[in-house]
Amino acid sequence: MKRRAWMLAAGLAIAATALAATAATAAEGNAPEVSPRVTTVATGGEWTSPKGSGVLRVVIADTGFSHVHSRLWIEWLTVGERGAPRRVARVLVKELSGGMNVLEAGNRRETFQGGRIRLRATHTYSQDSSDITIETGKPGEYKLL
């Protein structure tokens, strides 16, 4: 009987530890922040502000089924003391999220020019293509040109 009680207590302790670890991970915000349907991640360009400087990153994710369209996030990264990049800011480009465009990034030289980001958009229905240019500013700020 003692052995059975001990095994039950050990099993409960292991389950409680696993549950606590899962809760801690969720509390730390380690849940995915972008869609698992990410099609493009590209890093390049540069940003500067009085508080620091770094590089830009674009993340493009496709959504929808028969009418696919893209969502675009811009991230401002800085390099930490140990050389690991650290995200300073991140925004969803809302002006492009409601449209029926599929976004594509070219090579790094075409996509990033200093603080500007150039992407190619193809309309889902008409298949018309256009270029989109975004001017970035300090972390968290951008405007469509």
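Up top is the structure these notes are about.
As a starting point, this report considers the structure included with it. Computed from a predicted structure; not experimentally measured.

Description of the overall build of the protein chain
Along the backbone of the protein chain there are three helices and nine strands. For the protein chain, the sequential pattern of α-helices and β-strands runs α-β-β-β-β-α-β-α-β-β-β-β. Put simply, the protein chain has 145 residues, and 27% of those count as buried. Considering only contacts within the protein chain whose residues lie at least 6 apart along the sequence, 39% involve residues at least 24 apart. Carbon and sulfur atoms make up 55% of the accessible area of the protein chain, which totals about 9,700 Å².

Points about the environment of R116
Looking at where R116 falls in the secondary structure, it is placed in strand 7 (residues 116–123). Put simply, R116 and G44 are 72 residues apart on the chain and 10.0 Å apart in space, counted from C-alpha to C-alpha. Residues within four places of R116 in sequence aside, it is in contact with T111, T133, I134, E135 and L145. A polar contact of 2.5 Å, which involves the side chain of R116, links it to the side chain of E135.

Topic: the pairing of strand 2 (residues 52–63)
Two elements, strand 1 (residues 38–49) and strand 2, share nine bridges in a ladder whose sense is antiparallel. Residue pairing for strand 2: A42 is matched across the bridge by V58. Hairpin connection, strand 1 to strand 2: the antiparallel pair is bridged by two residues. In terms of strand pairing, strand 2 meets strand 3 (residues 69–79) through nine bridges, oriented antiparallel. Residue R57 lies in a different strand from strand 3, and its bridge partner there is E75.

Focus: the side chain of E75
Here E75 shows up in strand 3. At a separation of 2.5 Å, a polar atom in the side chain of E75 contacts the side chain of R57. Residues in contact with E75, not counting those within four places in the same chain, are V55, L56, R57, V59, R87, A89 and R90.

Remarks on the sheet that holds strand 4 (residues 85–92)
Sheet architecture is open: four strands sit in the order 1-2-3-4, paired in antiparallel fashion. Unpaired on one side and paired on the other, strand 1 and strand 4 mark the two borders of the sheet. Within this sheet the neighbouring strands show an average axis-to-axis angle of 25°, counted without direction.

Details of the nonpolar core
L72, I74, W76, L96, L103, I117 and I134 are the most contacted members of the largest nonpolar core, which totals 19 residues. For this core, the secondary structure elements donating two or more residues are strand 1, strand 2, strand 3, strand 4, strand 7 and strand 8 (129–136). When neighbours within four sequence positions are excluded, L96 is seen to be in contact with S70, L72, L103, I132, I134 and L144.

Here we look at the environment of S49
Among the structural elements, S49 can be located in strand 1. Distance in space between the C-alpha atoms of S49 and K138 is 5.5 Å, their sequence separation being 89 residues. Those residues in contact with S49 that lie beyond four places of it in its chain are K138 and P139.

Considering the pattern of salt bridges
Tallied over the entire structure, the rule returns seven salt bridges. Connected via shared salt-bridge partners are R57, E75, R87 and R90.

Reading the values: the criteria
Residues numbered from 1 in each chain as written. Predicted model: local features only at pLDDT ≥ 70, side-chain atom pairs only at ≥ 80, totals over all residues. Heavy atoms only, no water. Helix = DSSP H or I, 4+ residues; strand = E, 2+ residues; numbered from the N terminus. Buried < 20%, exposed > 50% of the residue type's maximum accessible area, 1.4 Å probe, protein only. Contact = heavy atoms within 4.5 Å. Areas by Shrake-Rupley, 256 points an atom, 1.4 Å probe, with all protein chains shown as cover. Polar contact = N/O pair within 3.5 Å; in protein donor to acceptor, adjacent residues only side chain to side chain. Pairing = 2+ DSSP bridges. Axes fitted to C-alpha atoms, helices over the stretch in contact; angles between N-to-C directions. Core = buried A, V, L, I, M, F, W, Y, C linked by side-chain atoms within 4.5 Å. Salt bridge = Lys/Arg side-chain N within 4 Å of Asp/Glu carboxyl O.

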